[in-house]
Structures are given as structure tokens and as C-alpha cells.
Amino acid sequence: MELLEQRILKDGVVKAGNVLKVDSFLNHCMDVKLFQEMGKEFARLYEGAGINKILTIESSGIGIACITAMVFDVPVVYAKKTITLNIDGEVYGAKVHSFTHQADYTVIVSQKFLGPEDRVLIIDDFLANGCALEGLSDIVRQSGAELIGAGIAIEKGFQEGGRLLREKGLRIESLAIIDSMNSETGEIEFRHE
Ligand code: 5GP
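Residues numbered from 1 in each chain as written. Predicted model: local features only at pLDDT ≥ 70, side-chain atom pairs only at ≥ 80, totals over all residues. Heavy atoms only, no water.

A.B. asks: Please provide a residue-by-residue account of the site of the ligand, values included.
C.D. replies: Around the ligand, 17 residues are found, and the nearest of them are Leu20, Ala128, Asn129, Gly130 and Lys156. Residue Asn129 places a main-chain N or O atom 2.8 Å away from an oxygen atom belonging to the ligand. Between the ligand and the protein, one listed contact pairs an oxygen atom with a side-chain N or O atom of Lys156 at 2.8 Å. Against a free-state accessible area of 510 Å², the protein chains account for coverage of 91% of the ligand. Mapped by element, the contributors of at least two residues to the shell around the ligand are β2 (19-21), β7 (119-127) and α4 (131-143). (Near = heavy atom within 4 Å. Polar contact = N/O pair within 3.5 Å; in protein donor to acceptor, adjacent residues only side chain to side chain. Areas by Shrake-Rupley, 256 points an atom, 1.4 Å probe, with all protein chains shown as cover. Helix = DSSP H or I, 4+ residues; strand = E, 2+ residues; numbered from the N terminus.)

A.B. asks: How would you sum up the sheet that holds strand β5 (residues 91-98)? Please name residues and give values.
C.D. replies: On the basis of which strands lie adjacent, the open sheet formed by eight strands has the order β5-β6-β4-β3-β7-β8-β9-β10 and mixed pairing. Lying at the two open borders of the sheet, with one neighbouring strand each, are β5 and β10 (188-190). Pairs of neighbouring strands in the sheet enclose a mean axial angle of 30 degrees, with direction left out of account. As paired elements, strand β3 (residues 53-57) and strand β4 (residues 76-82) share four bridges and run parallel to each other. (Pairing = 2+ DSSP bridges. Axes fitted to C-alpha atoms, helices over the stretch in contact; angles between N-to-C directions.)

A.B. asks: Can you lay out α4 for me, pointing to particular residues and giving the numbers?
C.D. replies: For α4, built from 13 residues, the straight-helix expectation of 18 Å at 1.5 Å per residue is met to within 8% by its first-to-last C-alpha distance of 19 Å. Buried within α4 are the following residues: Ala132, Leu133, Gly135, Leu136, Ser137, Ile139, Val140 and Ser143. Among the residues trailing α4, Gly144 stands out with phi positive, at a value near 80 degrees. (Expected span 1.5 Å × (residues − 1). Buried < 20%, exposed > 50% of the residue type's maximum accessible area, 1.4 Å probe, protein only.)

A.B. asks: Lay out the pairing of β4 in plain terms, naming residues and giving numbers.
C.D. replies: Between the parallel pair β3 and β4, the chain is carried across by helix α3 (residues 62-72), and the sense of this crossover is right-handed. Of the pairings in the sheet, the one linking β4 to strand β6 (residues 103-110) comprises three bridges and is antiparallel in character. Counted as the bridge partner of Thr82 is Thr106 from β6. (Right-handed = clockwise from strand over helix to strand, strands pointing away.)

A.B. asks: Just give me the short version of the pairing of β7, but keep the residues and values in it.
C.D. replies: Most of β7 is tucked away, with eight of its nine residues classed as buried. Where β7 lies against strand β8 (residues 146-156), eight bridges are found, and the strand directions are parallel. Opposite Asp124, over in β8, you have Ile152 as the bridge partner. Note on the crossover from β7 through α4 to β8: the handedness is right-handed.

The analysis is restricted to geometry; functional conclusions fall outside its scope.
Dropping the structure here:
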């Protein structure tokens, strides 16, 4: 998506350790007009798929997921991060390793808000090693809902998550795929298929 790529080039900052900082427009200060265009693009890509629920993960996916849910006119549910590993019977839970925080945590979704009647689109800000997406996919599987696919703002194509999850049959639509980035020169190259 040209608009997003241009914004990444203008305002993204490449940090050491393969981290792209986009907090001035995506996950701290949020450009909701940009989110609206991203939501429309996800709606175009998943047109006719019968999506009736959007699922994301706390916290940086929530903004994009909410605006996207408005475009789809469906509810949005976010997986909550918990500090306890005890999961009782009323929630679906999955363990996720955080790329940015280098820690494991459990995410939960109440069974009230996801079930076999749902056709789910997962939305997140980044796809790196795929742990967040894998955890959310596992929650959808536990619920008996149908996972239609994922919509990602920025995929770091040089990390393994996208390839591994597509190989498992998951449909992933990423609005910008970064092929390489360099923290010393600040250079970012995109993949166009
Ligand atoms: P994964 O689970 O695919 O390894 O990482 C995805 C999650 O880590 C996303 O939800 C995102 O919040 C965070 N993340 C991964 N890479 C980056 C990055 O380069 N920049 C930022 N800001 N967040 C990232």
C-alpha cells in the first residue's frame, strides 16, 4: 500500500535489533485517517469473505483493529495480556512470546465473545516471527470459529513468521512488506510481489 510505504519512509526509524519504530503515526501517536485507508484496503482484500468479527491483541493492534472494524461494520475483540498463567474454563488462552519485550505472556479471550458462529479476521500492527499471530490463531481454533485470514500493517519479510504461517495455509495480507532495513543508514526496502 503506497500510502503506508511512503509514511514508513518519511517517519519510520530503524532501530538496532531489527526493530522499526513507528510510534509517531502507528502505535503511540495514531494517525486515524491513515488507519481508515488501511481499513478500506483490508476490506477490499477480504471483500466477500463474510467476516463478522475482528480479533487483535493488546495493545498496539487495537487502534488499527477498531478503525478497520468500523469499515467492516463488525465488532472487534482484543486478546488481553495477563500476568497469571492460570486459565479457568471461561476463557480461551494462548502463550505468546513478545518480540519487542523479549518475554513470554499469556493472552486470553472470554468465551462469551468468540464462538463457532464467527468468521474471523485477525488484525495486527506488525508481523515479525509470527508468535502473536500464532497465538491468536490458536485462540480462534479453540473457539471453533473459522479463521478467514490476517491483515497486517507492516510485515518484516526478512523474519520468518510470514513464510511459516503461510506455509501452514493461513491467508495473510500485509499492507507493507519490508525486505530489508538498516539501522546504520536508515535505509528501508520494500517487497513488491
Ligand atoms: P511477532 O509475534 O510476529 O514476532 O511480533 C509481532 C508483535 O511484536 C507485534 O504485535 C508488534 O507489537 C511487535 N513488533 C514486532 N516487530 C516490531 C517492530 O519492528 N516494531 C514495533 N514497533 N513492534 C514490533
